[in-house]
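Fold and contact review
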Amino acid sequence: MPNLYISEFLEKHRRDYYEALNLVSVEGDWIYWISFFLQAVRQQAKTSKKTVEQIEELHREMSQELPKFNSKYASAFLEALFKMPIFSLKGIAKRAGITNSQTAYSLLDKFLAAGLVDQLNENPMKTKRILVFNKLLTILD
């Protein structure tokens with residue numbers, strides 16, 4: 001779940017931020033500071049809400065695709081992706097509770113073929129591949 005990143009707002013509104021701080025220290029104008037800070041909280045809450053809604057929509061869409069994979073582990077694999085969007089096969093299999101390596105390879109291949117995950121590196125050793133759930137990372141960016 002995304003948090004409120006107040007620093008993002010403060011960075012975007014740096015001049016106003018410093019002005020608000022200056023007014024507090026020079027004139028004791030706490031009303032201006034509180035108003036400015038509440039504006040930051042409000043804006044970042046809206047941003048976080050939008051992010052959460054996009055993540056929920058992505059989860060719904062991907063959940064509808066799971067029957068195509070014909071695997072009892074597809075749902076656990078998907079849940080693991082939402083917790084670990086950059087992963088190795090070994091790491092995601094462990095998180096999803098898949099103990100059979102062939103099952104993990106097969107399921108990963110299905111997710112790759114469907115374009116739901118991507119491979120970051122071209123490592124000839126399949127166990128050393130780094131994979132990514134780009135759809136989630138794009139939302140979080």
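Below, the structure is looked at part by part. Source: prediction; values computed, not measured. (Residues numbered from 1 in each chain as written. Predicted model: local features only at pLDDT ≥ 70, side-chain atom pairs only at ≥ 80, totals over all residues. Heavy atoms only, no water.)

What follows covers the overall build of the protein. Broken down by element type, the protein carries 7 helices and 3 strands. The order of helices and strands in the protein, counted from the N terminus, is α-α-α-α-β-α-α-β-β-α. The C-alpha atoms of the protein give a radius of gyration of 22 Å, which is well past the 14 Å a tight globule of 141 residues would have. The dimensions of the protein, computed from C-alpha atoms along their principal axes, are 70 × 30 × 20 Å. By the burial criterion, 32% of the 141 residues in the protein qualify as buried. Contacts spanning at least 24 positions in sequence make up 53% of the contacts within the protein whose residues lie at least 6 apart. Summed over all atoms, the accessible surface of the protein reaches about 9400 Å², with 53% contributed by carbon and sulfur. Counting 19 positive and 16 negative side-chain charges, the protein places the centres of these two groups 10 Å from one another. (Helix = DSSP H or I, 4+ residues; strand = E, 2+ residues; numbered from the N terminus. Rg over C-alpha atoms; globule rule 2.2 N^0.38 Å. Buried < 20%, exposed > 50% of the residue type's maximum accessible area, 1.4 Å probe, protein only. Contact = heavy atoms within 4.5 Å. Areas by Shrake-Rupley, 256 points an atom, 1.4 Å probe, with all protein chains shown as cover. Lys, Arg positive; Asp, Glu negative; His and termini not counted. Charge placed at Lys NZ, Arg CZ, Asp CG, Glu CD.)

Most peptide bonds are trans, and most residues other than glycine sit at a negative phi. Non-glycine residue Asn70 carries a positive phi angle of around 50°. Within the secondary structure, Asn70 is located in the loop between α3 (30–65) and α4 (74–83). A residue is classified by how much of its surface remains accessible, and Asn70, at 69% relative accessible area, is exposed.

Ranked by internal contacts, the top residues of the largest apolar core, which has 29 residues, are Phe77, Leu81, Phe87, Ile92 and Phe111. Of all the elements in the fold, those that place two or more residues in this core are α3, α4, α5 (89–96), α6 (101–113) and α7 (134–140). Leaving out residues up to four positions away in the same chain, Phe111 has contacts with Met62, Leu66, Phe69, Ala74, Phe77, Leu78, Leu81, Leu116 and Val117. Within the second largest apolar cluster, 8 residues are counted, among which are Ile6, Ala20, Trp33 and Ala40. (Core = buried A, V, L, I, M, F, W, Y, C linked by side-chain atoms within 4.5 Å.)

Further remarks concern the sheet that holds strand β3 (residues 131–132). Ordered by their spatial adjacency, 3 strands build an open sheet running β1-β3-β2, and the pairing between neighbours is antiparallel. Each edge of the sheet is formed by a strand with only one pairing partner; in this case those strands are β1 (86–87) and β2 (118–119). In this structure, β1 lies alongside β3, joined through 2 bridges in antiparallel fashion. If you follow Phe87 over to β3, its bridge partner there is Leu131. (Pairing = 2+ DSSP bridges.)

This paragraph deals with the packing of α4 against α6. The N-to-C vectors of α4 and α6 enclose an angle of 65°; their axes lie 11 Å apart at closest approach. Taken together, the axis directions place α4 and α6 in an arrangement best described as roughly perpendicular. In this structure, the crossing between α4 and α6 has a hand that is right-handed. Contacts between α4 and α6 involve Ala74, Phe77, Leu78 and Leu81 on the former and, on the latter, Leu107, Leu108 and Phe111. The class makeup of the residues in the contact of α4 with α6 is 7 nonpolar, no polar and no charged. (Axes fitted to C-alpha atoms, helices over the stretch in contact; angles between N-to-C directions. Parallel < 35°, antiparallel > 145°, perpendicular 65-115°, else oblique. Left-handed = near helix turned anticlockwise from the far one by under 90°. Nonpolar A, V, L, I, M, F, W, Y, C, P; charged D, E, K, R; others polar.)

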